[in-house]
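Descriptive structure summary
Here's the letter readout for the chains.
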Amino acid sequence: MKQMIEFKLNGQAVKLETEPDRSLLWVLRGDLALTGTKYGCGSGFCGACTVLVDGVAVRSCLLSVGGMEGKTLTTIEGLAEGDVLHPVQQAFVENDALQCGYCTPGMILSAVSLLAENPRPSDAEIAAGLDDNLCRCGAHKRIVDAVRSIARNDRT
Ligand code: FES
Ligand code: FES
């Protein structure tokens, strides 16, 4: 049965009338046209669908939209401030930390969450923090370089 679900998404209040057990991933992509949140495995293994819920990186394919009531969500579309990229996005650009880009939104949001919790992670902590985000293009080294550049320069 449908119900009204209210949450904050990328700085805007959202009100949706929908079945609460629907996948958050497909509500974001299908209902709200936020296709930066990617479908990879659908089972919590790849990280392509990562979003921030109350500032913490989570797998949107494993969550229902009903669980978002009253929460604050950020997708990759909500990270930049107008034309100004978030420092983690800028670091990915500067370090050429992507190839096809399919994993990139999830990687960036996981990195934002990691740096919020630990602003100066070691290389081992960066690798461990992003270990559950998979990159089929093998860009992991440049991704770690990008996150390290933030950790060393304290740009967040
Ligand atoms: S699509 Fe959600 S973890 Fe792979
Ligand atoms: S850049 Fe292609 S999957 Fe990571």
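The rules behind each value
Residue numbers run consecutively from 1 along every chain, following the written order of its sequence. Note on labels: chains are lettered from A, ligands numbered from 1, in written order. The predicted nature of this model means local features are confined to residues of pLDDT at least 70 and side-chain atom pairs, given and counted, to a pLDDT of 80 or more, with totals for whole chains, interfaces and linings taken over all residues. Excluding hydrogens and water, the side-chain values take into account all heavy atoms of the structure. Helix and strand assignments come from DSSP, with helices taken as H or I runs of at least 4 residues and strands as E runs of at least 2, each series counted from the N terminus. Should a side-chain nitrogen of Lys or Arg be within 4 Å of a carboxyl oxygen of Asp or Glu, the pair is scored as a salt bridge. DSSP calls a pair of strands paired once it identifies at least 2 bridges connecting them. What qualifies as a polar contact is a pair of N or O atoms within 3.5 Å, subject to a donor-acceptor requirement within protein and to the restriction that residues adjacent in sequence count only when both atoms come from side chains.

**Quick notes on the environment of Cys-49**
Mapped onto the fold, Cys-49 is located in the loop between α1 (24-31) and β3 (50-53). As a C-alpha pair, Cys-49 and Ser-60 span 11 residues in sequence and 5.5 Å in three-dimensional space.

**Focus on the pattern of salt bridges**
This structure, assessed with the given rule, holds six salt bridges. Across the salt bridge formed by Arg-22 and Asp-31, the nearest N and O atoms sit 2.8 Å from each other. Arg-152 is the partner of Asp-123 in a salt bridge, and the nearest nitrogen-oxygen pair spans 3.5 Å. Within this pair, whereas Asp-123 is found in helix α4 (residues 123-129), its partner Arg-152 is found in helix α5 (residues 140-153), the two being separated by 29 residues in sequence. Taken together, the shared-partner salt bridges in this structure form one network comprising Asp-123, Lys-141, Asp-145, Arg-148 and Arg-152.

**Concerning the pairing of strand β2 (residues 12-18)**
As paired elements, strand β1 (residues 3-9) and β2 share seven bridges and run antiparallel to each other. In the strand pairing of β2, Ile-5 is matched with Leu-16. Here β1 folds back onto β2 in antiparallel fashion, the turn holding two residues, of which Asn-10 has a positive phi close to 50 degrees.

**Remarks on the side chain of Arg-59**
When you line up the elements, Arg-59 lands in strand β4 (residues 56-59). A polar side-chain atom of Arg-59 sits 3.0 Å from the main-chain carbonyl oxygen of Gly-44. At 3.1 Å, the side chain of Arg-59 forms a polar contact with the backbone oxygen of Asp-132.

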